[in-house]
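Descriptive structure summary
For reference, the chains in residue letters:
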Amino acid sequence: MNLGSLLSGTLTDTLDVSLPLFRVELALAATVVLLLLCRMLPVLRRFDSALVALGGVGFALWYAWCDLRGLPGSPWALAADAVATVPGRRELFGGLVVFDSLTAYIRLLLAGFLALYILFTKVSGIPDREDGADFYALVLGAALGMCLMASANHLLMVFMAVEMASVPSYALAGLLKGRKASSEAALKYAVYGAGAAGIMLYGISLLAGLLGTCHLPGMAVELARMVGEGGSGQVMVLTLGGLMVAVGLAFKLSAVPFHFWCPDVFEGAAAEVGAFLSVASKAAAVALLLRLAFGLGDPAAATAPGAGAAALVGSADTRHFMVAVIALMAAVTCTLGNLAAYGQTNMKRLLAYSTIAHAGYLMMGAAAAVAMMGVSPEGARKAVTALAFYLGTYLFMNLAAFAIVALLRNRLRSEEIASYAGLVRTSPGIVVVTAAVLVSLIGLPPLAGFISKFLVFASLAEAIQAGAEKPLMLVLLVAGGINTVISLFYYLRVLKVMTFDPPPESRVGESFPLVSLPGAIVTALAVPVVVLGIFWSGLYAAAQLAGRFAS
Amino acid sequence: MPFAETLSQPALWPLSAIVFLPALVAAVLSLPIIPKAREEAIRWITLLTTAVVFVLSLWMAWPTLFGAVGPAQFTVGEAGMQAVVKQPWIKAFNIEYLLGVDGISMPLVVLTTFLSMLAAAASWPITKHVKAYHVLFLLLETGMLGVFVSLDFFLFYVFWEVMLLPMYFLIGIWGGPRREYAAIKFFLYTLFGSVLMLLAILMLYFTSDLRDLSAEQLVAARVVSPALDAIGQADAVAAIKTAKEPIHTFNLLALAQLGQLPQSPFAAVTLWGMSLETWAFLLLLIGFVIKVPVVPVHTWLPDAHVEAPTPISMILAGVLLKLGGYGILRICYPICPGAGLTLAWLVCGLGVVSMVYGAFAALAQKDFKRMVAYSSVSHMGYVMLGLGVWSAVAGNEFRWDAWAQGVNGAMFQMLAHGISSAGMFFMVGVLYDRVHHRNLEEFGGIFNRMPVYSGLAVAIFFAGLGLPGLCGFIGEVLVTLSSWNYSRVLAVISAFTVILTAAYILWAIQRVYLGAESKGPHGDHLTPITGRELAIATPLVFLAILFGVAPQTIFNYVTPTVNRQVETLADWTRRVRPDAPAAQPALTVDAAAKATAMR
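The model shown is predicted, which means the values in this text are computed figures rather than measured ones.

Topic: the confidence of the model for chain B
Residue and element names in this part refer to chain B.
- Predicted confidence across chain B gives a mean pLDDT of 87, with 94% of residues reaching 70 or more.
- For the stretch residues 581-592, pLDDT sits under 50, and the model shows 21 contacts to residues farther than four places along the chain or on other chains.
- Confidence metrics for the complex model read pTM 0.93 and ipTM 0.91.

Printed below as a string of structure tokens:
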């Protein structure tokens, strides 16, 4: 093959195959550039950067929706293009990135989140007009990295995407420039992130060195063969490498014991930044976890040509190891997050621990999915569906929760739970909305949070039924149930303070009517929490599309 | 099923209206249409809503009263499920909007709507945040009614949990001095129980497989709609039978059919040495007995009942406790009969322990309301004993008519206790509104100050005591008699508990109503009963007497369904436990007739 044909081959691959399925990322990247130009060129400075960002995100959202709608098996396919316009699965850019239903779903989720998020930050007043361009450029840049996390198919891409999502986040954490707490949060986050990234990179190099490739499907074949053959210390090095990669993932997921940054960063940074980190970052991290686990543990790899006789055992062993690690981390993360949330007096810190706990529930679903991968593909698909659904509802719940914190901060000049005392007397509307959101986070019907939790628990029960890692799944199911009860305390405490306690005499600021722009935003974010608890067929159908990636 | 077909179901509107009308009015009330300050209007709207719901439920339950028997109305004396509404909700999980009533749930629905109406009337003294109170109150009513009419386990669970939050706030905001503690305790206990229930639901769901059921069973369980013509039914059955993957279900009727199969799928699976059936039974039982409540998980009850405002105490004692008993009767036994058979000793034992413990605790109370609360623990013990008496395992005698007697007695006891305990709490509330204390030692001479009130109160307390001729007697006697066949020791203990009950109630009457004059503060505030209070107390007393004199009014509804369920389960026992003695007396003795004859 000469250079000419290689070049033309690459060119067709890039232009004809890859770029059309990469429109979402391209739209985001173009918007980032536009935002930076807005900052530099005096002519463009007059434009409101939030509107520019919103316009760009609108394109991304549309493309993301088109991609999801066009997937094979989608119930929303247009009659005109009844033949699926989008492939079910295709590797882009020579295998660095993969486009499949999970990519499409997570991108749609992220784009939808960004649109709501920009609207919300526009109302909440952080960033101010001066910082706007910087802020939205960073947010969109990080979101671009998150889209890549959801579609990474190559360890190099995994690392690049994680860093691309993390580095702008460090800067975002330090957004409140004059504030000591904010700078401290940014520094802590950056140092912690750098450490985690270093460990992850080391793990990647160990894996790549031993397996001879960074391409996930290729790695799966090698891994199955090597683990199946066993012995000679190789497996130990592989284990070490895998655990090191898991450290990087755990950092992004804020899983125990790599969660220490989370409360500090959330408390120090603005609530708006917390919303971004807790929703978007979490969704991308869960997608990446699924990518890696499903990529490396693919049962099909065991029967690939050249895999060797022992590959079946090796593949099963790999999955067992991954399930054990994820499950253990899930149980500990969930329990610790819920217990630590107990003593918090700052609302943002409480939500940080709530985020950690929810990472635990999400990882329980991931554990069930990986456990059923080799035993019951249908069950694995359902578990991924449950996770996708969870992320969809989690978007609204947590964004609404942080929006309430931010907008109350604007009124009360405080984010302490105690400052919310007796809010029901002056602003009953906002208290009702808060109650809906927090109760949904506990997971009580008829709210969306219950359905998500129900689906995750159902996946665990199905794994038990299918006999996939039965003892571990049982432990997870019981741990999930107990944690639901524990979490009741601290969410309810906030509601208790808002309703039962008398208002402080020194209350600054007036009432918070729901019939106002901030009130409308909060209500708009909370309405899906109620509606998705009763009419959840639509979101579930979309999540089912995402679940198809596991087949 | 197409939507037009759903709309044509005769029971759709009446049943849905009974359940959702309160929630709808609550939603309207919470909008700023009616200003907060118009408290009187809000109270009247709520009372009117509960009254409409009551009339609707009465229209369903008592068709002859309204002169017509429509297809949506209840046919008294029929055992099966009636007025079924079926509409798919979430197809991916086979979750349905499946409602229906039978002889077990219909009386409880009417009890709920009736007590809600009285409680709404009893809410006039509430002056704090009137609007919020009534919104939450109406939401609570929707939750309670939804539980009684749901035939889909998922829907049941949703309604079960919907009750929690309104109740938490109703106790926590409008309650007494220790309201916050009581509210969170109530919430925690119930949530713990319901999480266990959720685990059981998931286990049962994933083990169930509709393909195991025959065509007749599928139609009987409403999995295949009986409204379809023969061809449509055959098609639907064939679609289920030929499915490649197992078809899981949340349908309670189908789960019961599966649980009663000779090779129950729930008994086949084992977990840590116990069958899934046993696990599910235990998890569900814990969830339900927390609500009943039985010793040792009863400790939320005295706190919640004492701290809650009077109308909420009436609802708590009158309806919420019945949800536990209803759940055991509707879900535990039909779905897990094998475990029910093996664990009958546990259910009966819990019942007797609560009975005795509750009575002794009531005897020791100084607080009037706390005494009434413990009397509920004691009285609900009879319900547990009646439900648990599975004479088939007695070994010496296999008398399933005795079991039917026990379950009928338990159902009667639930309804009677709904009347008497709500009445007792209301009577305590009337006094508390006047003198603002509940110390049993600081009353006295109320008969002189409030003669009409005292007469009604004593009647209600006697009903609680179980005086023959009043409603409390029938249930207790039937349960005690039936338990004789199961265990003589338990029967003797439960009979002797009546003496303890008499002791604490008579002692309380003596200290509060008799004597020369009130010993406590605010004695001069003891004004005669008002018209509103009279309007609440009189129907309760009337019903307490009516059910005591003419128990058939209840048994006509309850007995056919209960007897059929017992008959089915006894039949199941004979098939699955062939070693049990075969001699079966026919079920000729009508429990109701027996009760009247006995008196």
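Some thoughts on the environment of Met347 of chain A
Residues and elements named next belong to chain A.
- Within the element layout of this structure, Met347 appears in helix α13 (residues 347-373).
- C-alpha separation for the pair Met347 and Ala401, spaced 54 residues apart in sequence, amounts to 9.8 Å.
- The residues touching Met347, leaving out its near neighbours within four places in the chain, are Val405, Glu415 and Ile417.

Quick notes on the interface of chain A and chain B
- Facing the 22 residues of chain A at the interface are 25 residues of chain B.
- Elements with a minimum of two residues in the side of chain A that touches chain B: α16 (428-442), α17 (448-466), α18 (470-499) and α20 (537-547) of chain A.
- Ranked by residues supplied to the side of chain A that touches chain B, first place goes to α18 of chain A with 8 residues.
- Split by residue class, the side of chain A that touches chain B holds 15 nonpolar, 5 polar and 2 charged.

Looking at the environment of Met164 of chain A
Residues and elements named next belong to chain A.
- Structurally, Met164 is set in helix α6 (residues 155-173).
- Met164 sits 112 residues away from Val52 along the chain, and the two C-alpha atoms are 22 Å apart.
- The residues contacting Met164, other than those within four sequence positions of it, are Leu144, Gly145 and Leu148.

Describing the pairing of strand β2 (residues 97-100) of chain A
- A two-sided burial pattern is seen for β2 of chain A, the buried positions comprising Val97 and Phe99 of chain A on one face and Val98 and Asp100 of chain A on the other.
- If you look at the hairpin formed by strand β1 (residues 89-92) of chain A and β2 of chain A, you'll find 4 residues sitting between the two strands, and Phe93 of chain A has a positive phi there, around 50°.

Focus: the packing of helix α14 (residues 377-412) of chain A against α16 of chain A
Residue and element names in this part refer to chain A.
- Packing of α14 against α16 leaves a shortest axis separation of 10 Å and a crossing angle of 140°. The angle between α14 and α16 falls in the class oblique. Classified by chirality, the crossing of α16 by α14 is left-handed. Contact with α14, carried on its side by Met397, Ala400, Ala401 and Ile404, involves Ile430, Val433, Thr434, Val437, Ser440 and Leu441 of α16 and no other residues of that element.

Side note on the packing of α16 of chain A against helix α19 (residues 517-534) of chain A
All names here are of chain A.
- Relative orientation of the contacting elements α16 and α19 amounts to 35°, with a least axis distance of 10 Å. Helix-helix and strand crossings are classified by hand; for α16 and α19 the assignment is left-handed. Here Gly429, Ile430, Val433, Ala436, Val437 and Ser440 of α16 come into contact with α19, specifically with Gly519, Val522, Thr523, Ala526, Val529 and Val530.
- Of the residues assigned to the contact of α16 with α19, the class counts are 8 nonpolar, 4 polar and no charged.

Calculation notes
- Residues numbered from 1 in each chain as written.
- Chains lettered and ligands numbered in written order.
- Predicted model: local features only at pLDDT ≥ 70, side-chain atom pairs only at ≥ 80, totals over all residues.
- pLDDT = per-residue confidence, 0-100.
- Contact = placed C-beta atoms within 7 Å.
- Helix = DSSP H or I, 4+ residues; strand = E, 2+ residues; numbered from the N terminus.
- Nonpolar A, V, L, I, M, F, W, Y, C, P; charged D, E, K, R; others polar.
- Buried ≥ 20, exposed ≤ 12 C-beta atoms within 10 Å, placed from the backbone.
- Pairing = 2+ DSSP bridges.
- Axes fitted to C-alpha atoms, helices over the stretch in contact; angles between N-to-C directions.
- Parallel < 35°, antiparallel > 145°, perpendicular 65-115°, else oblique.
- Left-handed = near helix turned anticlockwise from the far one by under 90°.

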